[in-house]
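A structural walkthrough
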Amino acid sequence: MTHAREVVALPATDHEDDELAALRRSWRPRHRGLWGWLTAVDHKSIATRYVATAFLWFLLGGLNAALMRLQLARPENGLVGPDRYNQLFTVHGTAMMFLFAVPVMTAVGLYLVPLMIGTRDVAFPRLNAFGYWVFLIGGVFLFVSFYLNTGPDTGWFAYVPLSGPEYAPGKRVDVWAQLVTFTEIAGLVAAVEIIVTVFKQRAPGMSLNRIPLYVWAILVVSFMIVFAMPAVAMASTMMLAMDRLVATHFFNQAEGGDPLLWQHLFWFFGHPEVYIMFIPGLGFVSSIVETFTGRRVFGYPVMVLSLFITGFVGFGLWVHHMFATPIPQLGRSFFTAASVLIAIPTGTQIFCWIATIWAGRPRFTTAMLFAIGFIVVFVIGGVTGVMIASVPFDLQVHDTFFIVAHFHYVILGGVVFPLFGAFYLWFPKVTGRMLDETLGKWHFWLFFVGVNVTFFPMHILGLNGMPRRVYTYLPEMGWGDLNLLATVGAGVIAASVAVFLVNVVRSAWRGALAGPDPWGGPTLEWATASPPPPWNFRHIPVVESGSPLWSAEAELPVATGLRTDRREFLVTTVLDAVPDNRHEHPTETIWPFVMALAIGVTFIGAVFTPWAYVVGFAFATVAFAGWAWPRGTKPEERVHPGLAREAR
Amino acid sequence: MTALPEPRMRCHLPTTLCAVLLALALTACDREARRFRESPPSATPEGLVQLSPLEPGVPTTPVSARNVYLENAYAVSEGERRFNSYNCVGCHAHGGGGMGPPLMDDQWIYGSAPENIYETIVEGRPNGMPSFGGRIPSYQIWQLVAYVRSLSALTPSGTRSARTDHMMMFPGSRTLQEPEQPKQSGRPPASEMPPS
Amino acid sequence: MLAAATLLALVACGHAVEQSALHPAGPQARKVSDLWWFALIVSTVVYVVTIGALLWAAWRARRREHAGAPLPPDSERRMTRAVAAGVGATVALLLVFFVYDLSVGRTLSPPPGGDPLTINVIGHQWWWEVQYPDTTPHGRFTTANEIHVPVGRPVVLLLTSTDVIHSIWVPNLAGKKDLIPGYTQSVWFQADTAGVYRGQCAEFCGHQHAKMALVVVAEPPAEFQRWLAQSRQPALPPTDSVTRRGQEVFLTGPCVMCHAIDGTPAGSNVGPNLTHLASRRTLGAGTLPNTRGHLAGWIVDPQRVKPGVWMPPNQLAPRDLEALLTYLQSLK
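Just so it is clear, the structure is predicted and the values come from calculations on it, not from any experiment. (Residues numbered from 1 in each chain as written. Chains lettered and ligands numbered in written order. Predicted model: local features only at pLDDT ≥ 70, side-chain atom pairs only at ≥ 80, totals over all residues.)

What chain C contains, in helices and strands, is 8 helices and 12 strands. The C-alpha atoms of chain C give a radius of gyration of 27 Å, which is well past the 20 Å a tight globule of 332 residues would have. With respect to the three principal axes, the spread of C-alpha positions in chain C is 100 × 45 × 35 Å. Looking at chain C residue by residue over its 332 residues, the buried ones come to 41%. Long-range pairs, those at least 24 residues apart, make up 66% of the contacts in chain C between residues at least 6 apart in sequence. (Helix = DSSP H or I, 4+ residues; strand = E, 2+ residues; numbered from the N terminus. Rg over C-alpha atoms; globule rule 2.2 N^0.38 Å. Buried ≥ 20, exposed ≤ 12 C-beta atoms within 10 Å, placed from the backbone. Contact = placed C-beta atoms within 7 Å.)

In structure tokens:
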């Protein structure tokens, strides 16, 4: 038994020294430099660069938004023409949805989940590396295309026939369709890892009712990804790309195809996508509220059930994006009911957080401010969401700036506010240094004001008849003042993001040292050093409650007996997390990167020639053979008695 | 307890990837441009095709637009839509020919060079090809030229869309002859299909 | 926030063109606008209560922290009760909203009774073709970007598209409906007060989605009948030498490739039908006012006004342009 929270400070005995040295030997990255970077499999380094990459796309997508706001600042503005503007908003939407919101959430999950559930790495570290490379290639592909004037220009939803072969000439929409494939592969890979990690690698004693709320949230989201993303991957890769590249007729009305088929497939993914983005945000808020009020979130079972209900019902309301298409009245009523229903679990969670704050002792750190800001902003998006569940009202505001306002309140409120909060909460864990609180408060208030000044006027613009996706408007429409106001707000948002960047760079460089547990958090990630060593925990902790670090009397109990001479981790049972087995993690390898390159060659090449599939198939076969080539210890050595239960 | 576990190496790979993709994509760059105001009025004389390289006085530079159009996906697509709306389909069908000669084979009565096709459209040809000079602005004629050339695969394959949103006798194939009978709404019965 | 909303609403009130869901001019839009105000008031109350509770919780807890007072022993139970009450209130409000919404939906969706006027609207990139059907051939006519309707009579629009998906939306009269190629949908509305209501395409449809507008002119039945009779007439033959020259320019130039003028050989339907161009209010699908100057600018360089539009720049000798303008302006 060791007091894991102070493991760094404890005077090391000889035995412990040996153990630590052995851990270091077996977990230390095998390569250095560029090769080391390409072959890395550690979930922390993969997730860190995943988050950094997603944030880069966020900044580039935000730049697009700023240009759009400048263009709309006054009527008949000539800053960008329609062709460029259409690319701007398409790439903005695509980047924010496919390259930022979902990937950054799964990426943070890939960092935190193993730490929060007390294991050494995610379930499939090589797959994890592969997912990142695919994601990176996809993002680079989109933005390089965009800067070469080949950016997609038919909206992030790419409705056929506008995005079909006849009306979208050239390669622009092909870029979009293949980008979707890249991100869906990356998303599905991450989801599978998270599901298996949470189910099979929790620390002994972390039964289902002791899983942190954040982990529940990311688990629900991973299941949603598994069910939602194949729909759009199939629609975009198979149908849209095939219609465009090899002249199939999935969406050709004249040959028995149907343009509405696209809308159904797209929104069957597209609506759950909204929940995929913000459910992890709800998890962040739970973690923040818990940490900074010093008490567990009120109504744990209700919170978990709410997440599940949101996850289920989230699949039942995709048609509310299509109320203006031919849908029978009964069908519309069904989707209205589902859209209204989904407000209940979210409302329940908000009430529970308020109750937690009421009963706790809140510390108003920047992270906590972002959590409160989340509720203040997100609830506006929530109530307008209930309004547009109504078919007659939706038909008035559908595809107007009212909707733009609504979903930016939901997404900035439900995704970006919690995400910034999460940054302030976990930055010390990732880097070992604190983010500056003064700059943080500036960041928060600028962002809060900027978001409201930008998006609140858009509600009124929408009701006053301004449609979405217009590159300009006539002076006599009277939309100029509110648009100018929104553009000013966008400037404030840009300033706040700049403050944040300065804060991150400065703090990473010379912020105050954090120590393992700067906030006094309840969950396991605070039980190890900051930044965590490659093996995460010296000994696997044993969990006896939902907030193990608060309830451990003096020392956190740990399980010992894992081998240290190789990368070994503990497998536990799904329900009660009883130790079940031991497994060995793979070491660094280049093959995930090679495999991602093969995927990249295939899908990017397919835009230009169908032969890319042949070449790509051969390439991928080689990569797969290399990946799956037997190596390492012999199977008989893997069974090693001595833990709680014998393997097999 | 130091900051950021893996510092400097972050930028190499994206840079390399960017460079490779940039090189790849640059080739496709010109193909994607969309020119809305290519020839401002009065800059390009209507219907001017130079048949002789000799000219009096200071030589004028040739019309530059045509070369830009010929490999441009947007121009080919616009040409295709104009091919329909200016009723070229009435005689040439969708390239398969009817009253007029087919355009998707490699037989060119009056030459296959862009300038030849331009002339054919502007001046008309005996036995039925009307003269469109003065009726269609020259940049649109160049778009039509680009499309007509794409029918017989004289433009790079990437510039042309795979299909249109209309009925096709052999779905999935644009290299076979199109039907000669007028289009109907709905699928034609199998008996009306020509033997393939 | 509420104050800000009111302020912004006031700011946004004074504009010249009627294109707002908040100024209903017919039963469809009015019912929806009532629903909106109801929803706004209820949501504002819900919002204020929720955020009030949040701020109060934060403020109270902060004060207690300073005072060091312990939590009351029965706080768990009180919190459960408070959360349950909150959830219960949410469910009740949502139910009320749902029932109200369904009742509005039920009154609005069935086709109108009486003797509705049927008009076909066909979406094109980027303009609206408007056909007034009739039982007799000479009673049918086609116009563009302008729908005339009689006040007080329900109007059914039959909607389809020839190219991509568009969506018709005249917010003062009714909600939107998509124009989908291969489908025919209908939407109905009724104008209760005479006026000119602007509408705009609401489904992204390509380069000039922003400038694909139309106007609905609601006029008293007698005036509507006059307009109908006028519109059924083919264009009158030119009477003087200038308009004759203008017609010649039209028929021998590029115009005739795309536009139709009933009563002349021009019969293409690629672009808007110009038989009664001079009687229309706008040019370029609601983009420019229909004046001689704007018409000249539009003919000479439409790509400047609507980049990407199908109409090509036209190069005309000044005298020919003048003649063409005079001719087009004579098409009342």
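Now, onward.
Counting its secondary structure elements, chain A contains 20 helices and 4 strands. Its C-alpha atoms give chain A a radius of gyration of 25 Å, near enough to 26 Å, the size a compact globule of 648 residues would have. Summarising its shape, the C-alpha atoms of chain A cover approximately 80 × 60 × 50 Å along the three principal directions. Counting all 648 residues of chain A, 64% fall into the buried class.

With that settled, consider the pairing of strand E4 (residues 579-584) of chain A. Residue and element names in this part refer to chain A. In this structure, strand E3 (residues 568-572) lies alongside E4, joined through 5 bridges in antiparallel fashion. Looking across to E4, one finds that Glu568 is bridged to Glu584. In textbook terms, the turn of a hairpin is the stretch between consecutive antiparallel strands, and for E3 and E4 this stretch comprises 6 residues, one of which, Ala577, has a positive phi near 55 degrees. (Pairing = 2+ DSSP bridges.)

This brings us to the sheet that holds strand E4 (residues 146-150) of chain C. All names here are of chain C. Read from one edge of the open sheet, 3 strands run E4-E10-E9, paired in mixed fashion. The two strands at the open ends of the sheet, each matched to only one other strand, are E4 and strand E9 (195-200). Taken pair by pair, the neighbouring strands of this sheet meet at an average axis angle of 20 degrees, ignoring direction. Strand direction decides the pairing type here: E9 and strand E10 (residues 213-219), joined by 6 bridges, are antiparallel. (Axes fitted to C-alpha atoms, helices over the stretch in contact; angles between N-to-C directions.)

A few words on the interface of chain B and chain C. Across the contact, 14 residues belong to chain B and 15 residues belong to chain C. A per-class count over the side of chain B that touches chain C returns 6 nonpolar, 4 polar and 4 charged. (Nonpolar A, V, L, I, M, F, W, Y, C, P; charged D, E, K, R; others polar.)

Residue-level contacts link 75 residues of chain C with 70 residues of chain A. Elements with a minimum of two residues in the side of chain C that touches chain A: helix H1 (2-11), helix H2 (27-67), helix H3 (75-108) and strand E7 (177-179) of chain C. If one sorts the elements of the side of chain C that touches chain A by residue count, H2 of chain C sits on top with 18 residues. Its residues placed into classes, the side of chain C that touches chain A shows 44 nonpolar, 21 polar and 10 charged.

Turning next to the packing of helix H14 (residues 401-431) of chain A against helix H15 (residues 437-463) of chain A. If you want to describe how two helices pack, look at the angle between their axes and the distance between the axes. Residue and element names in this part refer to chain A. Direction vectors running N to C along H14 and H15 enclose 165 degrees, while the axes themselves pass 7 Å from each other. With respect to their mutual orientation, H14 and H15 come out roughly antiparallel. The interaxial crossing formed by H14 with H15 has left-handed handedness. On the side of H14, the interface is formed by Phe401, Phe402, Ile403, Val404, Ala405, His408, Tyr409, Leu412 and Tyr424, while H15 contributes Gly440, Val451, Phe455, Phe456, Met458, His459, Leu461, Gly462 and Leu463. (Parallel < 35°, antiparallel > 145°, perpendicular 65-115°, else oblique. Left-handed = near helix turned anticlockwise from the far one by under 90°.)

Another aspect to go through is helix H4 (residues 82-116) of chain A. All names here are of chain A. When the terminal C-alpha atoms of H4 are compared, their 48 Å separation across 35 residues agrees well with the 51 Å that a helix rising 1.5 Å per residue should span. The sharpest bend along H4 reaches about 35 degrees and sits at Met96. The buried fraction of H4 amounts to 33 of the 35 residues, a majority that puts the element mostly inside the structure. Note on H4: the residue one or two positions beyond its end, Gly118, has a positive phi of about 75 degrees. (Expected span 1.5 Å × (residues − 1). Bend = angle between axes of the 7 residues up to and from the residue.)

Let us now look at the sheet that holds strand E1 (residues 117-124) of chain C. All names here are of chain C. Spatially, 5 strands are ordered E3-E2-E1-E5-E8 in an open sheet, and the strand pairing comes out mixed. Both outer strands of the open sheet, strand E3 (141-144) and strand E8 (185-189), are each paired with one neighbouring strand and no more. With strand direction ignored, the average angle separating the axes of adjacent strands in the sheet is 25 degrees. Pairing analysis gives 5 bridges linking strand E5 (residues 155-161) to E8, with the strands arranged antiparallel. Bridging across to E8, Leu159 finds its partner in Gln185.

A cis amide bond links Val160 of chain A with the next residue in sequence, Pro161 of chain A, at an omega value of 0 degrees. Look at the link from Gln125 of chain C to Trp126 of chain C: it is a cis peptide, with omega at -5 degrees. Checked against the element boundaries, Trp126 of chain C lands in the loop between E1 and strand E2 (127-132). At Asn145 of chain C, a residue that is not glycine, the phi angle is positive and equals roughly 60 degrees. Inspection of the secondary structure assignment puts Asn145 of chain C in the loop between E3 and E4. Judged by the 22 C-beta atoms lying within 10 Å of it, Asn145 of chain C falls in the buried class.

Turning our eyes to something else, we now look at the confidence of the model for chain C. Per-residue confidence for chain C gives a mean pLDDT of 89; residues scoring 70 or more make up 92%. Here the predicted complex scores 0.89 on pTM and 0.93 on ipTM. (pLDDT = per-residue confidence, 0-100.)

Turning to helix H19 (residues 611-628) of chain A, a few remarks are in order. Residues and elements named next belong to chain A. Helix length check: H19 (18 residues) gives 26 Å between terminal C-alpha atoms against 26 Å at 1.5 Å per residue, within 8%. For H19, the full list of buried residues reads Gly616, Phe619 and Ala623. Each buried residue of H19 sits inside an arc of 70 degrees when the element is viewed along its axis, so together they form one side. Away from its buried face by more than 90 degrees, H19 exposes Val614, Phe617, Thr621, Ala625 and Ala628. Buried positions along H19 lie against helix H18 (591-608). (Arc of directions from axis to C-beta.)

What follows deals with the packing of helix H8 (residues 259-293) of chain A against helix H12 (residues 366-389) of chain A. All names here are of chain A. Contact geometry for H8 and H12: axes closest at 9 Å, N-to-C directions at 130 degrees. By the criterion of interaxial angle, the relationship of H8 to H12 is oblique. The element H8 and its partner H12 pack so that their crossing is left-handed. Counted together, Val285, Ile288, Val289 and Phe292 of H8 and Ala367, Met368, Ala371 and Phe374 of H12 form the full contact between these two elements. Partitioned by chemical class, the residues of the contact of H8 with H12 number 8 nonpolar, no polar and no charged.

It is worth spelling out the nonpolar core at this point. In summary, soluble globular proteins display a tendency toward joint burial of nonpolar side chains. Core analysis: the largest hydrophobic core is formed by 289 residues, its most contacted members being Ala101, Val134, Val215 and Ala217 of chain A. Looking at this core, the element that brings in the most residues is H4 of chain A, giving 22 residues. Once you skip the residues sitting within four places of it in the chain, Ala101 of chain A turns out to touch Met96, Met277, Ile411 and Val415 of chain A. Within the second largest apolar cluster, 26 residues are counted, among which are Met104, Tyr139, Ile141 and Tyr147 of chain B. (Core = buried A, V, L, I, M, F, W, Y, C linked by C-beta atoms within 7 Å.)

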